[in-house]
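# Fold and contact review
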Amino acid sequence: MSTFIVVGAGLAGAATAWQLTRRGHEVTVLERSTPANAEGSSHGSARILRYAYPDPFYALLAVDARREWDELERLAGERLVSPAGALDFGPSRAPADLAAVFEEAGVEHELLTAGEAAARWPQFDFGGGDVLWHPAAGVIDAESAVAAMVRLARAGGARIETGWPVASVERVHAGLRVVGSDGRAEEAENVVVTAGGWLPGLLGDLGLPAAFLSGFPPLQVMQENAYHFPYRAGSGGPWPTFIHGTRDMLVYGLPGGRDAVLPDGRSGLKVAEYNGGRPIFSAAAQDGVIDPANRDRVAEYVRRTLPGLVPEPYAETTCLFTNTPTEDFVIDGVGGITVASPCSGHGAKFAPLLGRIIADAATGERPAPARFRVDRRE
């Protein structure tokens, strides 16, 4: 048995802590605020679980991840993924190419004409071209998933410390010391850093060698905007999730879960432009202010493309995406320190699987896939 400190209790950190405790390790989780808090990337009740990737690697990873979600739901005794299905359309989504990937990955799907799709989902205006439907997609309750994994980690013996912002990691004797911004310290043999949008401001203080840091891909944190639009009368459901790639924007939407419920019980669809926000250095620089130009842009998109919605948002919020230039994840480390940065725009759907991959890498049982590892430079 080894001792581990996990920094951050979002989806990736909670999943890692759970997976490490399942293997009998002693785990302490240090969370700067509370698990799945609104300043990170894992809060709220609505994230898309989808399989549609142009890269077969990620499509197959999504298939594996769904099995992990099923296992998590069984152990947690609650539903964390609601069925919805997913639509992909628009020229930059290339539905026919995605369908070819599905053939390779063995994912159930249909490639429809715009007319065939409109007959099933009249709340959309698909324009022209093909529309890809895959029914196994769904909506993840991110906040409940974090709570479930934290609960399972605690049951396995993990200690969860909240209100514990990490400032640095130091090498001491044969182990590592994690130092808080208030001077508190915790020691362990291994440290796993799953700090999400806070990572850019922390990376240089983790005691990592220069060769590792020089090869670490640059991280871009985006303060994204998301909106809830009310359903028009008679079009309240069922709504699938969707990704629409136009020539000048990529838009996604999904049933909004608890986040979208109005006081009178009505609900709406969560709609956002992917990477349509503004770049910030790290989560510490977020201000939670909606970009009015983006609001107008997305509302106009809804007016054109989603006739089943009233094109006036009744609720809005910001959230954080943390991306690498290739949008590949990073899971790698050295000297007992493992750094994991799942790209926030599509990391949620893989969370239980990524916890296993991160735990494998941190324990030395199995390295992460080659494309997740840092290109070390001398």
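A brief structural summary. These numbers were taken from a predicted model, which means no experiment stands behind them. (Residues numbered from 1 in each chain as written. Predicted model: local features only at pLDDT ≥ 70, side-chain atom pairs only at ≥ 80, totals over all residues. Heavy atoms only, no water.)

### Focus: the overall build of the chain
What the chain contains, in helices and strands, is 10 helices and 21 strands. Radius of gyration (C-alpha) of the chain: 21 Å, near the 21 Å computed for a compact globule of 378 residues. Counting only C-alpha atoms and orienting by the principal axes, one finds that the chain spans roughly 65 × 45 × 40 Å. Here the chain holds 378 residues, and the buried ones make up 56% of them. Sequence-distant contacts in the chain: of pairs separated by 6 or more residues, those separated by 24 or more amount to 73%. Surface summary for the chain: the accessible area is close to 15,100 Å², and the carbon and sulfur share equals 50%. (Helix = DSSP H or I, 4+ residues; strand = E, 2+ residues; numbered from the N terminus. Rg over C-alpha atoms; globule rule 2.2 N^0.38 Å. Buried < 20%, exposed > 50% of the residue type's maximum accessible area, 1.4 Å probe, protein only. Contact = heavy atoms within 4.5 Å. Areas by Shrake-Rupley, 256 points an atom, 1.4 Å probe, with all protein chains shown as cover.)

### A look at the sheet that holds strand β21 (residues 337–341)
In a beta sheet, neighbouring strands are held together by backbone hydrogen bonds and run either parallel or antiparallel to one another. Here six strands make up an open sheet; going across it, the order is β9-β2-β1-β13-β21-β20 and the pairing mixed. Edge positions in the open sheet fall to β9 (159–161) and β20 (330–334), since each of these has one partner strand only. The sheet shows a mean angle of 15° between the axes of neighbouring strands, taken without regard to direction. Here four bridges tie strand β1 (residues 3–7) to strand β13 (residues 190–193), and the two strands are oriented parallel to one another. Note that in β13 the partner of F4 across the bridge is N190. Docked against the sheet, helix α1 (residues 11–22) engages β1, β2 (26–30) and β13, running at close to 165° with respect to β1. (Pairing = 2+ DSSP bridges. Axes fitted to C-alpha atoms, helices over the stretch in contact; angles between N-to-C directions.)

### Overview of the packing of aromatic side chains
Tallied over the entire structure, the rule returns 20 aromatic pairs. Residues Y58 and F350 carry aromatic rings whose centres are separated by 6.1 Å and whose planes lie at 55° to one another, so their mutual orientation is tilted. With a gap of 292 residues between them, Y58 in helix α2 (residues 56–76) and F350 in the loop between α9 (344–347) and α10 (351–363) connect regions that are remote in the sequence. Judged by relative accessible area, which is 4%, Y58 ranks as buried. (Phe/Tyr/Trp six-rings, centres within 6.5 Å; stacked < 30°, edge-to-face > 60°.)

### Description of the environment of A351
Within the secondary structure, A351 is located in helix α10. Overall, A351 belongs to the buried group, its relative accessible area being 2%. Here the alpha-carbon distance between A351 and A12, two residues 339 residues apart in the chain, equals 5.6 Å. The contacts of A351, once residues within four sequence positions are left out, are L11, A15 and W69.

### Considerations on the nonpolar core
If you look at the biggest cluster of nonpolar residues, it comprises 61 residues, and the most contacted ones within it are L11, V27, L61, W69, F329, I331 and F350. Secondary structure elements with two or more residues in this core: β1, α1, β2, α2, α3 (95–105), α5 (142–155) and α10. Each residue touching L61, except ones within four places of it in the same chain, is listed here: F329, F350, L353, I357 and F372. Formed by 29 residues, the second largest nonpolar core is a distinct cluster that contains I5, V7, V169 and A195. (Core = buried A, V, L, I, M, F, W, Y, C linked by side-chain atoms within 4.5 Å.)

### Side note on the pattern of salt bridges
It is possible for side chains of opposite charge to pair when their charged atoms get near one another. All told, the structure shown has 24 salt bridges when counted by the stated rule. Residues R74 and E71 are paired through a salt bridge, measuring 3.1 Å at the closest nitrogen-oxygen approach. Placement of both R74 and E71 in helix α2 is noted, with a separation of three residues, approximately one turn of the helix. Residue classification places R74 among the exposed positions, given a relative accessible area of 57%. The exposure class of E71 is partly exposed, given its relative accessible area of 24%. (Salt bridge = Lys/Arg side-chain N within 4 Å of Asp/Glu carboxyl O.)

Limitation: the analysis is restricted to geometry and does not speak to function.
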